[in-house]
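What the coordinates show
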Amino acid sequence: MSLLRTRPYLILFLFFFSYALPVSSQIKKVSGMVKDAHSDEGVAFASVQFKSTSTGKQTDSSGAFTFYLKEWPSDTLEVTCVGYLPFFYPLDKSKDSLTVVISMERGTFNEGVKVKTKVNKGLLLWRKIVQHKPDNNPYRFDNFSYELYNKLELDIKNFNFSRLSRFKPLRPVGQLIHQNIDSSEGNKYLPTYLTEAISDYYYQKKPLKRREVIKAANTNGIKNESMIKFLGGMDQVVNVYSNFIPVFDKQFISPASDNGDLYYNYRVIDTQQMASNRFYHLVFTPRRKGTSTFEGDCWVHAGTFAIQKMNLRLGKEANINFLENLSLIQEYSRLNDSTWFITKDKFVANVSPIGKEKPGVIGRKTSTYKNVVVNDKSVENELAKNKKLEEVITLPGADEKDKAYWEESRHEELSKTEKGIIRMIDTLINAPVFQKFTNQLNFIATGYMNIGNVQIGPWYNWITSNSWEGFRMRFDLGSNHHFDKKWWWHTYLAYGFGDNKLKGKGELFYLPKKHPRLYLYGSYTNDLDFGQNYYGEVTSDNIFALAVRKQNIPLKFLKVNEKRFEFFNETRSGFSTKLALTHTMQTPLKNLIPKDSFAVGNGRLPMTSAEVAVRFRFAYLEKFLENNFFRTSLGSPYPIGELTITKGFSGFFKSSYDYTKISVSVSDYIRIPPVGSISFLVYGGKTYGTLPYVLLDIAPGNELYYYNKYAFNMMNRFEFIHDQYAGINFEHIIGNGVFRLFPKLKLRQFWTAKALWGSLSENNKNFNFKQGHLFQTLDGKTYLEMGTGIDNIFRFLRVDFVWRLLPTRLPKSSTEQFGIFGSFRLSF
């Protein structure tokens, strides 16, 4: 009975089900994401429309969209957005559900209908942003802290790895790389580097203090502590509210600059409602080509006029070398009703040194910020641990975190591609054939090659020639970090086939402590003096010097036999002391006053000295890039000062002279955007005692056509000697300057000035100005040379035009008054 009662309902249900089934099967769904092809970020509020129909909508704030349709309005989606080229996506109408990812290529923000109005809403909005900067700039707080997650990836692009297999020696490398490349979507990328770092960052405004504690670093095979420090956030701070934004080594004018209206055109193109908040869509473009400006857009909160998201772009027109595209994206969110703070920034650079379709590099850096704390006592307590204004602390074991830690701690999960990259890098760096290949490349680029526990090179010193030695050969051998972690040794032997003499050098270095630095060093040298290389960039002892030596200048040859010991100690504040004990015997060989002209008695040797020198140096917050034993300075935000006091003693291993020397110098590098940067070196010194010329101050001359930043390029070596001197070297890199009228050339302008004042006491004149001498002294006069030129020719050449202006007349001067010099300068 119950079955009979329910049967009508069952029949009715089946009737409706059978009717509804074909209808539901006709529902069409298409969903997806619209992304920037370069940055891979979602494009908010892009128009997604079925071509030639009225059916369409906008993407949401993340770039996503979804359609539900009874039937396909057309077979093509048309996607448009200001700043991008239109995109047409063909749909497969045989399917009822589609998921698509649409990558938009960049266009220009100058597109669209321009309506002339009495009031420029874009300019008004920019003024509101500037007016409210004190309320929205995150650096307005007395202090703040956050947890920072940094991810950095470097890929090689557009490289035809199959070509390596054509050469038999490289065939195994080509096959290995080909097996591991990412060839998705027709593009070939070789991931070369992927790192992650998690740190706690602390900031205090007054007095200024910064501290970063790196808790974890996943370097994927790169074991270098100084590199780990740069993976944090201390050197990666970009603030869109600043007047200038750093891009590589350049300073670009921010769209939110106080003077932005002088450099940008502004337009408001849209207003959108997001989560009960209204936002203006502001677009900005450069007013003039060739200036250090961005193009892009931002979303601005209507109530607080805070920037919610900023998209900055640079194209190949920007005066940055090798750059194809650059994207810088920053996102902000509210901590409360009135406080905005950064939550994410992303930096993507597409670098193509030899052309768009040629091999290049894509770099991607993503940073996310969590656990933000502002104006809190806990931040002050943490910063109180600082021993100097800025500190980067790497916790023990930071580079040894396991997979479980990273899965729990990283702010966002790695994509499938990123996980594959880590496996790929591990495969490559542990493959013996790949290690051999990279060692060979390193040998060609740097001149050095590791063979087991030793290192040979540099190869460019192996062969050279000069008028004293004739054909010269040299071979270097040294230890590497596989030999020992604290001890390093190096030696070389050289032989001249003209003088038939064997020369060489041996040195030993002990580094018991790196931070702060402490080392011991000893060396023995028996070789020719090839120039004051502590002043310069190129010496005569290499194969390249053969082609760039000035003509008709007598070559001066001086043999040096030197024994030296150094003790170096550095404090965390940047103050260092170096104690040096040196015993030197010098022998002039050619075109210099001979040794026997300075005869001394009592069994002592002429031109032989024994001295103790103490150098005090202060470089606050100086940063270094370090390897296992040595380091390269990356400069300091403050001037660097040095004071050296030297005392010479007679009677010590046949040394002949008592004297005292004092020298001092101050140097600095200062960015002065938007007109480039300046660097200067101011120095001076005095020698007390009567000495042969080799122990006096010899003004640094340059006898090569290769420009030397630290020498006087229109002066010869040994042309001027002094026992009292002062000088200044000044260089102003202007940037594009007058060449902004020809932006495609990307040439850069600069000017230089170098001055020297010196004198020589009567005793030293009488002692050194002997018959046949070539020396001069300024006698209080000014030596001045000035120059200008063109930099960035073909992206790496620099040409200097240098004039020797003072002194106007000197009796023994044979140098020209004007010279043209070349040099290589590799920079962005």
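Residues numbered from 1 in each chain as written. Predicted model: local features only at pLDDT ≥ 70, side-chain atom pairs only at ≥ 80, totals over all residues. Heavy atoms only, no water.

The subject of this paragraph is the overall build of the protein chain. Secondary structure assignment for the protein chain yields 10 helices and 42 strands. Counting every position in the protein chain, which comprises 828 residues, the buried fraction comes to 45%. A sequence separation of at least 24 residues applies to 62% of the contacts in the protein chain between residues at least 6 apart. With the model as given, the accessible surface of the protein chain reaches about 41,700 Å², and the carbon-plus-sulfur share is 57%. (Helix = DSSP H or I, 4+ residues; strand = E, 2+ residues; numbered from the N terminus. Buried < 20%, exposed > 50% of the residue type's maximum accessible area, 1.4 Å probe, protein only. Contact = heavy atoms within 4.5 Å. Areas by Shrake-Rupley, 256 points an atom, 1.4 Å probe, with all protein chains shown as cover.)

Further remarks concern the confidence of the model for the protein chain. Chain-level pLDDT for the protein chain is 84 on average; 87% of the residues reach the 70-or-more range. Of all secondary-structure elements in the protein chain, the lowest mean pLDDT belongs to helix H1 (residues 2-24), at 45, while strand E30 (residues 608-618) reaches the highest, 97. Low pLDDT, under 50, characterises residues 532-537; the stretch is placed with 16 contacts to residues that sit more than four places away or in other chains. (pLDDT = per-residue confidence, 0-100.)

The next thing to look at is helix H9 (residues 432-446). The first and last C-alpha atoms of H9 sit 21 Å apart over 15 residues, in line with the 21 Å expected at 1.5 Å per residue. Taken as a whole, H9 has its buried residues at Phe434, Phe437 and Phe443. (Expected span 1.5 Å × (residues − 1).)

What follows deals with the pattern of salt bridges. As enumerated under the stated definition, the model contains 36 salt bridges in all. A salt bridge links glutamate 147 to lysine 215, with the shortest nitrogen-to-oxygen separation between them at 2.7 Å. Note that glutamate 147 is positioned in strand E8 (residues 143-157) and lysine 215 in strand E10 (residues 209-218), a separation of 68 residues in sequence. Between arginine 211 and glutamate 382 there is a salt bridge, and its shortest N-O distance comes to 3.4 Å. Taken together, the residues arginine 211 in strand E10 and glutamate 382 in helix H6 (residues 377-383) connect sequence positions 171 residues apart. Across the pair, exposure class does not vary: arginine 211 and glutamate 382 are buried alike. (Salt bridge = Lys/Arg side-chain N within 4 Å of Asp/Glu carboxyl O.)

It is worth spelling out the sheet that holds strand E3 (residues 56-58) at this point. Ordered in space as E3-E2-E5-E6, the four strands form an open sheet in which the pairing is antiparallel. If you trace the sheet from one side to the other, it starts and ends with E3 and strand E6 (87-90), each paired once. Neighbour to neighbour, the strand axes of the sheet diverge by 20 degrees on average, direction disregarded. (Pairing = 2+ DSSP bridges. Axes fitted to C-alpha atoms, helices over the stretch in contact; angles between N-to-C directions.)

A few words on helix H2 (residues 121-131). Among the residues of H2, Gly122, Leu125, Trp126, Ile129 and Val130 are the ones counted as buried. Within H2, the buried residues cover an arc of 140 degrees as seen down the axis, which keeps them to one side. Facing away from the buried side of H2, by more than 90 degrees, are the exposed residues Lys121 and Gln131. Its side-chain oxygen at 3.0 Å from the backbone nitrogen of glycine 122, asparagine 120 defines the N-terminal cap of H2. (Arc of directions from axis to C-beta. Polar contact = N/O pair within 3.5 Å; in protein donor to acceptor, adjacent residues only side chain to side chain.)

What follows is about the sheet that holds strand E4 (residues 64-69). If you trace the three strands from one edge of the open sheet to the other, you get E4-E1-E7, paired in mixed fashion. The outermost strands of the open sheet, each flanked by one partner alone, are E4 and strand E7 (97-104). Taking the axes of each pair of neighbouring strands and ignoring which way they run, one obtains an average angle of 20 degrees across the sheet. As judged from the six bridges shared by strand E1 (residues 28-36) and E4, these two strands associate in the antiparallel manner. Counted as the bridge partner of lysine 28 is leucine 69 from E4.

Together, Trp751, Met786, Trp803, Leu805, Leu806, Phe818 and Ile820 give the surface a local cluster of nonpolar side chains, amounting to about 590 Å² of exposed area. Looking at the nonpolar patch, the elements that each hand over two or more residues are strand E41 (797-806) and strand E42 (818-824). Among the elements that make up the nonpolar patch, the one with the highest residue count is E41 (three residues). In this fold, leucine 806 is placed in strand E41. On the basis of relative accessibility, which here comes to 33%, the residue leucine 806 falls in the partly exposed class. (Patch = residues over 30% accessible without salt bridge, like charges linked within 9 Å, V, L, I, M, F, W, Y side chains within 5 Å.)

A general trend in soluble globular proteins is that nonpolar side chains are found buried together. If you look at the biggest cluster of nonpolar residues, it comprises 52 residues, and the most contacted ones within it are Phe294, Ile307 and Leu314. Sorting elements by how many residues they give to this core places strand E18 (residues 340-351) first, with six residues. Each residue touching phenylalanine 294, except ones within four places of it in the same chain, is listed here: Ile245, Val247, Phe252, Ile253, Pro255, Tyr264, Phe284, Thr285, Pro286, Leu312, Arg313 and Leu314. (Core = buried A, V, L, I, M, F, W, Y, C linked by side-chain atoms within 4.5 Å.)

Bridge analysis of strand E5 (residues 76-80) against E6 gives four bridges, and the strand direction is antiparallel. Looking at E6, one finds that threonine 76 is bridged to proline 90. Between E5 and E6, which pair antiparallel and follow one another directly, the connecting turn spans six residues, one of which, glycine 83, has a positive phi of 95 degrees.

Okay, the pairing of strand E2 (residues 47-50) next. Residue alternation in E2 divides its side chains into a buried set, Val48 and Phe50, and an unburied set, Ser47 and Gln49. Bridging between E2 and E3 involves three bridges; their strand directions are antiparallel. Along E3, the bridge assignment pairs valine 48 with lysine 57. Hairpin connection between E2 and E3: a loop of five residues separates the two successive antiparallel strands, and serine 52 in this loop has a positive phi of roughly 65 degrees. For E2 and E5, the ladder comprises four bridges, and the chain directions are antiparallel. Across the sheet, residue glutamine 49 finds its bridge partner in E5, namely glutamate 78.

Take arginine 278: it is sitting in strand E14 (residues 277-286). Take arginine 278: its relative accessible area is 40%, and that puts it in the partly exposed class. Of note is the side chain of arginine 278, whose polar atom sits 3.5 Å from the side chain of tyrosine 280.

Residue position: serine 352 is located in the loop between E18 and strand E19 (360-374). Taking the relative accessible area as the measure of exposure, serine 352 reaches 7% and is therefore buried. Other than its neighbours up to four places away in sequence, serine 352 contacts Lys157, Phe322, Glu324 and Gly360.

Turning our eyes to something else, we now look at unusual backbone geometry. Residues lysine 206 and proline 207 are joined by a peptide bond in cis, for which omega reads -15 degrees. Tracing the backbone shows proline 207 in the loop between strand E9 (189-204) and E10. Proline 458 follows glycine 457 through a cis peptide bond whose omega is 10 degrees. Along the chain, proline 458 falls in the loop between strand E22 (454-456) and strand E23 (463-466). Notably, asparagine 375 is not glycine yet its phi reads approximately 50 degrees, a positive angle. Given the relative accessible area of 43%, asparagine 375 is considered partly exposed.

Next up on the list: the environment of lysine 250. Among the secondary structure elements, lysine 250 is positioned in strand E12 (residues 250-253). Taking the C-alpha atoms as reference points, lysine 250 and asparagine 319, separated by 69 residues in sequence, lie 9.1 Å from one another. Setting aside its immediate chain neighbours within four residues, lysine 250 contacts Ile245, Asn319, Ile320, Arg748 and Phe828.

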